Amino acid sequence: MPDRSSTRPTTSVLDGDQDGVSGAAIDLVAVTKAYPGQGAPAVDSISLQVPAGEVVMLVGPSGCGKTTTLKMINRLIEPTSGTITIGGRDVLSLDGDELRRQIGYVIQAGGLFPHMSVATNVGLVPGMLGWDKRRTSERVDELLELVGLDPRRYRDRYPRELSGGQQQRVGVARALAADPPVLLMDEPFGAVDPITRQRLQDELLRIQDELRKTIVCVTHDFDEAVKLGDRIVVLGEGARVVQYDTPAEVLSHPADSFVSDFVGSGASLKALTLVRVDDLDGLQETTTARVGEPVADIAARARAAGDAAAVVLDGRGRPLRWVWVRQLEEEGAAVGDREDDLPTVDRRSTLNDALDAMLGSSYGGVVVTGRRDVYEGVLFIQTAIDAVQAARVADQERSAPVAGNDERSAQVLQQALPEEPGTEAGAA
Amino acid sequence: MDLLDFVVERREQIAFQAFQHVSLVVQCVLLATVLGVALGVLCHRRPWARGLASGVSSVGLTLPALALIALVYGATRDGITSAVVAVTFYALLVVWRNAVVGLGGVDGQLLEAAQGIGMGRVRRLVRVQLPLAWPVVLSGVRVATQMTMGIAAIAAFVTGPGLGGLIFTGLARLGGAGALESALTGTLLVVALALVLDLLLVLLGRLTTPRGIRA
């Protein structure tokens with residue numbers, strides 16, 4: 001984690017919200033963009049609350065106004081009407097260029113300047129903010145390391161000497177250079193091949209885990225939205241908010257047929273990648289046995305516990321076999337060889353992986369292991385399904401941030417806005 | 001009398017005229033580059049202005065150089081002024097058109113990225129647009145230099161400076177002693193110096209084009 005006190009720009013017009021989260025909340029209130037000569041506005045009175053430190057994905061068909069909405073946040077496109085605040089400050093009252101230096105901006109293929117080296121590209125914003133050379137150069141190295149590029153190898157290269165994925169990483173590094181509270185991304189991974197895209201997505205999640213920025217990201221790829229987003233905004237024509245929810249909710253309860261069409265087939269399967277075995281809280285105890293224990297003892301214990309099968313563990317508590325009790329009785333001893341197709345998953349695995357293992361198992365479940373592969377319990381299919389349903393209900397009861405295009409959304413948001421802190425901050 | 005004797009005999013005069021010739025072209029092209037880029041910056045953004053630039057430069061380049069020089073001389077009665085005006089005029093048309101093409105050819109996505117990270121209009125122009133358009137502008141400068149080396153020779157028609165003097169006096173006395181040598185020397189020197197200048201411009205291009213966008 002970079003020392004934020006040293007990298008925070010001195011002339012900051014925007015600030016992070018609270019500890020641990022370096023992001024700032026973004027609020028759009030009844031924001032409209034209408035182009036003269038066109039009938040319907042490109043963005044029709046959208047209100048949207050983006051909580052600090054969260055990743056919000058804007059998805060929708062092309063031409064729905066998602067990119068326009070994004071670009072109004074950093075005022076690359078000036079809204080026709082409405083209010084946009086970041087961390088409580090009205091962005092429309094700030095100088096556009098100064099505002100954009102405080103907001104990270106990532107576009108497809110990184111948008112790197114081909115005539116500048118990697119270091120120059122990344123150091124542009126700190127340079128404009130008046131950092132001295134040494135501080136900028138230290139920051140550049142720090143960021144290249146953050147995005148997984150060795151500074152010594154890459155800082156003096158030119159963009160065309162990098163692969164597409166590397167260019168995109170440099171683009172992210174450049175956006176993060178001045179440690180902005182907010183990051184806007186416009187189809188950031190649209191120009192790279194699927195495998196690189198997946199790697200970059202994982203990388204972004206890791207970086208976000210560390211930095212906790214507020215990220216608004218436009219994509220047309222619903223799977224990407226599910227993977228990266230804490231929340232998803234599904235937009236229809238005119239940036240009409242069709243649904244604003246967690247990925248799990250959008251997948252399990254699409255607001256209408258428009259959303260379900262957009263989600264595409266296999267929605268429930270996609271949802272399984274959202275849940276980890278750990279989240280389920282559904283591990284069950286089962287009879288365990290040590291290698292070499294008398295079979296009669298094991299069988300007796302299993303019968304008493306009502307288990308038809310027992311897990312055999314090695315000396316370090318790692319599972320070796322999962323055997324039926326009657327099979328044990330036939331063999332006469334708890335044999336110590338590891339079963340090759342023992343259905344086992346780590347507790348951090350996704351439910352998707354767990355179910356995959358379960359379906360290949362004749363026991364209707366899977367052995368779950370924890371740190372250093374030590375046995376933790378077993379998970380049965382039914383438990384998994386019940387847990388998913390329970391989690392759904394709990395999720396619905398949480399309060400969710402507001403989004404919509406009606407007056408009510410705008411009013412709710414307007415009331416929620418903090419008092420403009422402008423005057424005293426401006427004087428300082 | 002053969003060519004070599006002619007050159008050796010008059011080496012001082014020839015060297016002076018060659019210097020005048022190159023100096024005229026270099027200074028005028030420099031002026032034309034500054035003006036052409038400035039005009040390009042002004043008019044590359046609007047389609048009608050781009051059309052105007054290419055129209056004016058196409059028509060302008062068809063103007064016979066001799067006619068233009070004679071016209072300016074008629075108005076100013078000064079050979080040097082006529083030469084400067086004509087050379088700058090033709091160089092400007094070429095550089096202007098290339099500047100418009102070069103500046104207009106910069107990827108709009110990049111310019112938006114520049115704006116998106118907080119670069120103002122002037123900074124975008126100086127740090128992104130001009131460096132990226134530079135190779136195209138420079139190739140315009142090369143063409144302009146080649147072309148105006150020839151045009152500068154015509155300036156001697158109205159008593160302008162440079163190697164044109166050798167050519168015209170030679171042609172006027174054709175058949176006389178040393179006349180052919182005079183015209184030949186002037187012509188060959190113009191060609192040779194144009195090649196040298198072009199080489200220098202290529203070198204300048206190598207030095208001023210960042211490694212990232214070198215062809």
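Check the entry above for the structure.
Residues numbered from 1 in each chain as written. Chains lettered and ligands numbered in written order. Predicted model: local features only at pLDDT ≥ 70, side-chain atom pairs only at ≥ 80, totals over all residues.

**Regarding the sheet that holds strand β12 (residues 309-313) of chain A**
All names here are of chain A.
Then, number 1: In space, the three strands of this open sheet follow the order β11-β12-β13, with mixed pairing throughout. Of all strands in the sheet, those with a lone pairing partner are β11 (288-290) and β13 (319-324), marking the two edges. Ignoring which end each strand starts from, the neighbouring axes of this sheet average 30 degrees apart.
Then, number 2: Pairing of β12 with β13 involves five bridges; the strand directions are antiparallel. Across the sheet, Val312 pairs through a bridge with Arg321, a residue of β13. (Pairing = 2+ DSSP bridges. Helix = DSSP H or I, 4+ residues; strand = E, 2+ residues; numbered from the N terminus. Axes fitted to C-alpha atoms, helices over the stretch in contact; angles between N-to-C directions.)

**Some points on the sheet that holds strand β17 (residues 403-404) of chain A**
Within a beta sheet, neighbouring strands are joined by backbone hydrogen bonds and run either parallel or antiparallel to one another.
All names here are of chain A.
Then, number 1: Spatially, the five strands line up as an open sheet ordered β5-β4-β1-β2-β17, and their pairing is antiparallel. Each having just a single partner strand, β5 (89-90) and β17 make up the two edges of the open sheet.
Then, number 2: Judged from the five bridges that link them, strand β1 (residues 26-33) and strand β4 (residues 81-86) form a sheet pairing that is antiparallel. Counted as the bridge partner of Leu28 is Ile84 from β4.

**Observations regarding the interface of chain B and chain A**
Then, number 1: With 16 residues of chain B at the interface, the matching set in chain A holds 20 residues.
Then, number 2: Those elements giving two or more residues to the side of chain B that touches chain A turn out to be α6 (108-116) and α7 (121-154) of chain B.
Then, number 3: By residue number, the principal contributor to the side of chain B that touches chain A is α6 of chain B, which donates six residues.
Then, number 4: For the side of chain B that touches chain A, the per-class residue count stands at eight nonpolar, six polar and two charged. (Contact = placed C-beta atoms within 7 Å. Nonpolar A, V, L, I, M, F, W, Y, C, P; charged D, E, K, R; others polar.)

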